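If you want the building blocks of each chain, they are given just below.
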Amino acid sequence: MVFYPDNVQRASRLQQLVDSMANMQTDIKHSGDQMDERDKRIRPTIDAMLKEKGYDNIEDLIEKSTAQMTPEEKKQFEALIAAAKASKAGFDWTYFAAGILMVPEGAVLTGKMVVSIGRFVVRLSVIQSLATFFKAATSGTGSAAAAAEVGNELEKGAVEAQGIAKDGGVVGDAAQEVSRAATMMGRVATFFKVVGALGFVVTLVVGIVEIVEGAKQKEELIDAIHNSQAARLCIAFFKREATNIGQQLELVVTYLEASYGEDADPDVAAYISKKIIKNISADNAEIDLNALELELETQDKSAGGFYGGDDLSTAAVVAAAKPNAV
């Protein structure tokens, strides 16, 4: 592909951004696979716990758990579940059941706690959905076309999730989480549609297949760079979120092993269950987007021949990634 002389660096910068995102996509896909593997590992133990604690099945657990809720809490919970079900991954009832069953002996299972566990599983569902989308974007020889299609599907899912949450009356922190996830998925969707239109192949070794020529080449490259900066920050956010969730899920597995494994230790299990419930019930720690973008920029600048002459400012990238950004 031939670029006008002043566009060579722009093409290189765009390539750098797309490569960076491709690597993070691989990490998120790996996180999604790990979640699925853990799900299969813990399901038999969850079934045993249900029987031991007097529940007929997961549906019986859900019905009795939601009975603890106020009408407003139940409304929010049902809307969150509906929003999660609109995603490719759906709502992971196995992890929800694990969260409910880990409530320590003597502790009161409140409606607020159930909603908090539901919110955690919704966040998990977002990561699983992204992992599924990223796999689709890197499959087959028509990856550029697949990227554009994934962009459309991501955008559709984000709009549906946000609409369901709004119509269901989700408010407060839960509403902000749904809005944030939907908005960021929308930013990622825009990126996929842009690279699909430009003919990028979104794989581990990303190459430019074709790109618009002529007078619009500079304009298209700069626009792609700006879209890619915002999309990359969103993908980096989801990667960090996947890491945080993965740490919590590993604690869940450790708890189940301490409760029902060959070397079961009730004291260890009780300690871990309190820690997990505390983490889930606490307000979710905000991931600092400004600090995260600065990390990404530092990594970029460490590469030889770095060019950032057309980049958005750090503040502009963060603003573009946030909900309600124009």
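What you are looking at is a predicted structure, and each value in this text was computed from that prediction instead of being measured. (Residues numbered from 1 in each chain as written. Predicted model: local features only at pLDDT ≥ 70, side-chain atom pairs only at ≥ 80, totals over all residues. Heavy atoms only, no water.)

(A) Looking closely at the overall build of the protein. The number of helices and strands found in the protein is 11 helices and 0 strands. Scanning the protein from its N terminus toward the C terminus, one meets helices and strands in the order α-α-α-α-α-α-α-α-α-α-α. The buried share of the protein, taken over its 326 residues, is 50%. When contacts within the protein are restricted to residue pairs at least 6 apart in sequence, long-range pairs at least 24 apart make up 82% of them. In the form shown here, the protein has an accessible surface area of approximately 15,200 Å², with 52% of it arising from carbon and sulfur atoms. (Helix = DSSP H or I, 4+ residues; strand = E, 2+ residues; numbered from the N terminus. Buried < 20%, exposed > 50% of the residue type's maximum accessible area, 1.4 Å probe, protein only. Contact = heavy atoms within 4.5 Å. Areas by Shrake-Rupley, 256 points an atom, 1.4 Å probe, with all protein chains shown as cover.)

(B) Broad picture of the pattern of salt bridges. Scanning all chains against the criterion turns up 10 salt bridges. Put simply, Asp 300 and Arg 13 hold a salt bridge, and the shortest N to O gap is 3.1 Å. Taken together, the residues span a long stretch of sequence, with Asp 300 in helix α10 (residues 289-301) and Arg 13 in helix α1 (residues 8-52) at a distance of 287 residues. Judged by relative accessible area, which is 3%, Arg 13 ranks as buried. Two residues, Arg 232 and Asp 300, come together in a salt bridge whose shortest N-O distance is 2.6 Å. Separated by 68 residues along the polypeptide, Arg 232 in helix α8 (residues 217-260) and Asp 300 in helix α10 bring together distant segments of the chain. In this pair, the class of Arg 232 matches that of Asp 300, namely buried. Each of the salt bridges in this network shares a partner with another, and the network as a whole consists of Arg 13, Arg 232, Asp 300 and Asp 311. (Salt bridge = Lys/Arg side-chain N within 4 Å of Asp/Glu carboxyl O.)

(C) Representation of the nonpolar core within the structure. By size, the foremost hydrophobic cluster in this structure holds 64 residues, and its most contacted members are Ile 28, Ile 46, Phe 96, Leu 233 and Tyr 255. If one sorts the elements of this core by residue count, α8 sits on top with 16 residues. Not counting the four nearest positions on each side in its chain, Ile 46 is found in contact with Thr 94, Ala 97, Ala 98, Leu 101 and Leu 256. If you look at the next biggest cluster of nonpolar residues, it comprises 7 residues, including Ala 11, Leu 17, Leu 221 and Ala 224. (Core = buried A, V, L, I, M, F, W, Y, C linked by side-chain atoms within 4.5 Å.)

(D) Broad picture of the packing of α8 against α10. Relative orientation of the contacting elements α8 and α10 amounts to 110 degrees, with a least axis distance of 10 Å. Between α8 and α10, the angle is such that the two are roughly perpendicular. Counting all contacts with α8, which are made through Arg 232, Leu 233, Ala 236, Phe 237 and Arg 240, the residues of α10 involved are Leu 289, Leu 292, Glu 293, Glu 295, Leu 296, Glu 297 and Asp 300. In the contact of α8 with α10, the residues fall into 6 nonpolar, no polar and 6 charged. (Axes fitted to C-alpha atoms, helices over the stretch in contact; angles between N-to-C directions. Parallel < 35°, antiparallel > 145°, perpendicular 65-115°, else oblique. Nonpolar A, V, L, I, M, F, W, Y, C, P; charged D, E, K, R; others polar.)

(E) Looking closely at the environment of Ile 28. When you line up the elements, Ile 28 lands in helix α1. Considering only alpha carbons, one finds Ile 28 and Thr 132, 104 residues apart in sequence, at a separation of 9.4 Å. Residues within four places of Ile 28 in sequence aside, it is in contact with Ile 127, Leu 130, Ala 131, Phe 134, Ile 235, Phe 238 and Lys 239.

(F) The arrangement of α1 in detail. In a regular helix each residue adds 1.5 Å, so 45 residues correspond to 66 Å; α1 covers 66 Å between its end C-alpha atoms and thus fits that length. At Ile 42, α1 is bent by approximately 40 degrees, the largest bend along its length, and proline Pro 44 sits one to four residues beyond. Once α1 finishes, Gly 54 follows within two positions and takes phi at roughly 85 degrees, a positive value. (Expected span 1.5 Å × (residues − 1). Bend = angle between axes of the 7 residues up to and from the residue.)

(G) Seen up close, the environment of Ala 303. Locating Ala 303 in the fold gives a position in the loop between α10 and α11 (314-321). Separated by 287 residues in the primary sequence, Ala 303 and Gln 16 have C-alpha atoms spaced 9.3 Å apart.

(H) Summary view of the packing of α8 against α11. Relative to each other, α8 and α11 sit at 65 degrees, their axes nearing to 8 Å. The orientation of α8 with respect to α11, classified from their angle, is roughly perpendicular. Regarding α8 and α11, the two cross each other, and that crossing is right-handed. Residue-level contacts link Gln 229, Ala 230, Leu 233 and Cys 234 of α8 to Val 317, Val 318, Ala 320 and Ala 321 of α11. When the residues that make up the contact of α8 with α11 are grouped by side-chain class, the tally is 7 nonpolar, 1 polar and no charged. (Left-handed = near helix turned anticlockwise from the far one by under 90°.)

(I) Structural context of the confidence of the model for the protein. On average, residues of the protein carry a pLDDT of 75, and 67% of them reach 70 or more. Here helix α6 (residues 143-167) stands out as the element of the protein with the lowest mean pLDDT, 60, in contrast to α10, whose mean of 95 is the highest. Long-range and interchain partners of residues 197-211, a stretch whose pLDDT sits below 50, account for 45 contacts in this model, where long-range means more than four residues apart. (pLDDT = per-residue confidence, 0-100.)

(J) Quick look at the packing of aromatic side chains. Following the criterion strictly, the structure yields 1 aromatic pair and no others. Between Phe 237 and Phe 238 the ring centres are 5.4 Å apart and the planes differ by 75 degrees, which places this aromatic pair in the edge-to-face class. Per residue, the accessibility class of Phe 237 equals that of Phe 238, and both read buried. (Phe/Tyr/Trp six-rings, centres within 6.5 Å; stacked < 30°, edge-to-face > 60°.)

(K) Summary view of the side chain of Gln 229. Looking at the element boundaries, Gln 229 is found in helix α8. Relative accessible area serves as the criterion here: at 2%, Gln 229 is assigned to the buried category. Here Leu 312 takes part through its backbone nitrogen, which lies 2.7 Å from a polar atom of the side chain of Gln 229. Discounting chain neighbours no more than four positions away, the residues touching Gln 229 are Arg 13, Leu 17, Asp 311, Leu 312 and Val 317. (Polar contact = N/O pair within 3.5 Å; in protein donor to acceptor, adjacent residues only side chain to side chain.)

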